[in-house]
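# Examination of the molecular architecture
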Amino acid sequence: MNLKTLDLNLLTALDALLREANVGRAAMRIGLSQPATSHALQRLRDIFGDPLLVRTGVRMELTPRAQSLRAPLAQALDQVRGLFVPDDFDAARSERQFRVMMPDLAVELLMPPLMAKVTRLAPNVRIDVVPWRGPAIFHAEFARTIDLVISIGNAFRGFHRQLLYTDSDALAVRRGHPAAAKLKRRETFLAARHVGVIIRGNAEDLIDTWLRGKGIERHISLVVPGYLEALHVAARTDLVAFVPRRLIAALSKQLGLVAVTPPFDPGIDEQFMFHPTRAQMDPGSIWLRRLMLETGRELEQARRQLS
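This one's a predicted model, so the numbers in the text were calculated from it and none came from an experiment.

Each value, and the rule that gives it
Residues numbered from 1 in each chain as written. Predicted model: local features only at pLDDT ≥ 70, side-chain atom pairs only at ≥ 80, totals over all residues. Heavy atoms only, no water. Pairing = 2+ DSSP bridges. Helix = DSSP H or I, 4+ residues; strand = E, 2+ residues; numbered from the N terminus. Axes fitted to C-alpha atoms, helices over the stretch in contact; angles between N-to-C directions. Buried < 20%, exposed > 50% of the residue type's maximum accessible area, 1.4 Å probe, protein only. Phe/Tyr/Trp six-rings, centres within 6.5 Å; stacked < 30°, edge-to-face > 60°. Lys NZ or Arg CZ within 6 Å of the ring centre and 35° of its normal.

The strand order across the open sheet formed by five strands is S9-S8-S10-S7-S11, and the pairing between neighbours is mixed. Bordering the open sheet on either side are strand S9 (219-224) and strand S11 (257-260), each of which pairs with just one other strand. Ignoring which end each strand starts from, the neighbouring axes of this sheet average 40° apart. As paired elements, strand S7 (residues 169-174) and S11 share four bridges and run antiparallel to each other. By the bridge assignment for S11, Val173 is matched with Val258.

Put into structure tokens, the structure is as follows:
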């Protein structure tokens, strides 16, 4: 292959086609028309001597040759993009978009104070929050599309981890709940009707995993996919939500909630910030990470002042 004759824009088209396995979606991804993307696919087929995408029923699938190209192509494009990364990050003038994946409780606790900082320092920067999709999403291709992840858990391959803030769990009930004062007792806790939170990527509520290890089963009447939903339900019913204490405090006045110390203490929760290894020296990533860590420290300071 003579690189002088190769249109490097074809690599961007190839990347989109390999990621989407669909000509129409690939066209939308790179801002081309569908006929132009189809033409690019045909040129790529000629270059590689392989169909790359083949129709199987109503779907298009990658050929083995196409599958083998995904990782090296992603690495090559990252290296090319790195050539154009500036040596510094001018926050005041930047129009960069950052993508951050986090669960709903992290959005509630972190994004308001973080965005106050971003608005002041970088008014043209945009942050896109991506809903938490579970640990299975952590792979090299995902690392190319994300700037930060906020989550509990161990380190993920290809990502660096830093402690952001700590928390503990409590029972959230509506103000005036008839059993609120008694929920500290084991028998009242076990007799109560609970709302469980099963976040995407988990098989059950992490609280139930911990309780089961102690031989304890609580009465789950409702399961929801997020902590905010659990608090809204608890605020309007007699159901009990076993959730992070910080979140209860943040929404207690708005929703009319009170926090009750449970009879079982799961200990300290640690919330971490993850960033892709590829972004370790990226000035924009460093800037955003510093702001996020600062926001986490402020949460910790607020907790110490209240305790």
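This part takes up helix H10 (residues 245-255). For an α-helix the count is 3.6 residues per turn, leaving residues at separations of three or four pointing the same way. Looking at H10, one finds that the buried residues are Arg246, Leu247, Ile248, Leu251, Ser252 and Leu255. Backbone geometry just after H10 places Gly256 at a positive phi near 70°.

Summed over the entire model, instances satisfying the criterion amount to six aromatic pairs. Note on Phe189 and Phe264: the rings are 5.2 Å apart at their centroids and 75° apart in plane angle, and the pair reads as edge-to-face. Residue Phe189 is found in helix H7 (residues 186-191), and its partner Phe264 is found in the loop between S11 and strand S12 (269-276); the two are separated by 75 residues along the sequence. Using a relative accessible area of 0% as the deciding quantity, one classes Phe189 as buried. Residue Phe264 is classed as buried on the basis of its relative accessible area, which comes to 10%. Aromatic rings pair up to connect Phe89, Phe98 and Trp287 into one cluster. A cation over an aromatic ring shows up here: Arg161 above the ring of Phe272, its NZ or CZ 3.9 Å from the ring centre.

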